[in-house]
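Fold and contact review
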Amino acid sequence: MRFLTLFVSLLVSSSFAQEAPDAVKLLHDAEASRGVLAANGLQWTVDVVSQEDSETDEAKLVVKTQGPFALAEILEPDTSAGKKYLVADGDMWFSKPGTRAVPINKRMQLAGRAAIGEIASSSFMSEYNIAETTQTTLEGEACTLYELEKKPGATYAKVLLWVSNEERVSRQAHFYTITGKHIRSATFEHKAKIKAGGNVIPFLSGLVVTEMIGSSRSTLLSFSEYKIYPGGFPDSTFDRKAM
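Residues numbered from 1 in each chain as written. Predicted model: local features only at pLDDT ≥ 70, side-chain atom pairs only at ≥ 80, totals over all residues. Heavy atoms only, no water.

Glancing now at the pattern of salt bridges. As enumerated under the stated definition, the model contains eight salt bridges in all. With a shortest N-O distance of 2.7 Å, Arg34 and Glu31 are connected by a salt bridge. The class for Arg34 is buried, based on a relative accessible area of 1%. Residue class for Glu31 comes out buried when judged on its relative accessible area of 0%. Lys191 is paired through a salt bridge with Glu189; the nearest N and O atoms lie 3.7 Å apart. With a relative accessible area of 66%, Lys191 lands in the exposed category. Under the relative-accessibility criterion, Glu189 is labelled partly exposed at 35%. Each of the salt bridges in this network shares a partner with another, and the network as a whole consists of Lys25, Asp29 and Arg168. (Salt bridge = Lys/Arg side-chain N within 4 Å of Asp/Glu carboxyl O. Buried < 20%, exposed > 50% of the residue type's maximum accessible area, 1.4 Å probe, protein only.)

Encoded structure:
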């Protein structure tokens, strides 16, 4: 499962007369709108279109998420149907019909489909520490810019994340390796709505991940057919032995 190039120069730093939002609460709300902190189970369908030069690949997956866990199963194309990716407590596993799950190491998570799935399922709040925040604008919208540093087990050494102060959703993220290389970028779209905690909140509807080094690949993930499971999924759902 684990893409519109947007450059840092799109940012125009500025000061604001209003009080800066609570950085931790704002990040928590943004994470909730991506579904990565939900206590309840969430299932959605993901359509994937990946383009590189003149080549286009498409796939369809069904994804189940709950807290730090995510399970993605490929439905299409037929040649890949039944393959699964599991994210559990910062680790990633892969299986295909008739075989046992095998681990995907951190190096492999930085490449290919695994990288896309890792970005879609990672929690900026639980896997990274907030090193610094800055009030800025992104394409004219007031945002909080987070500089996030990895906790043990996180895939990327640093993440720059722009969160809308008004909509309280993630807008863009830049991902960096341990050597400081900007390896890929992501933009988030929140056109869906779901009910959470008695409130209707914007929810992730699209994600574009763009490779910044060694590839021109750009991958679009479109999310639909949301289904909430109050109380969550059975524990076996995210058990690699049951994949």
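By size, the foremost hydrophobic cluster in this structure holds 43 residues, and its most contacted members are Phe124, Leu161, Phe175 and Leu207. Leu161 has contacts with Leu27, Phe124, Thr144, Leu145, Tyr146, Leu148, Ser170, Gln172, Ala173 and Phe188, leaving out every residue within four places of it along the chain. By size, the runner-up hydrophobic cluster in this structure holds seven residues, among which are Leu71, Leu86, Ala101 and Phe233. (Core = buried A, V, L, I, M, F, W, Y, C linked by side-chain atoms within 4.5 Å. Contact = heavy atoms within 4.5 Å.)

Nothing here speaks to function; it is all geometry.
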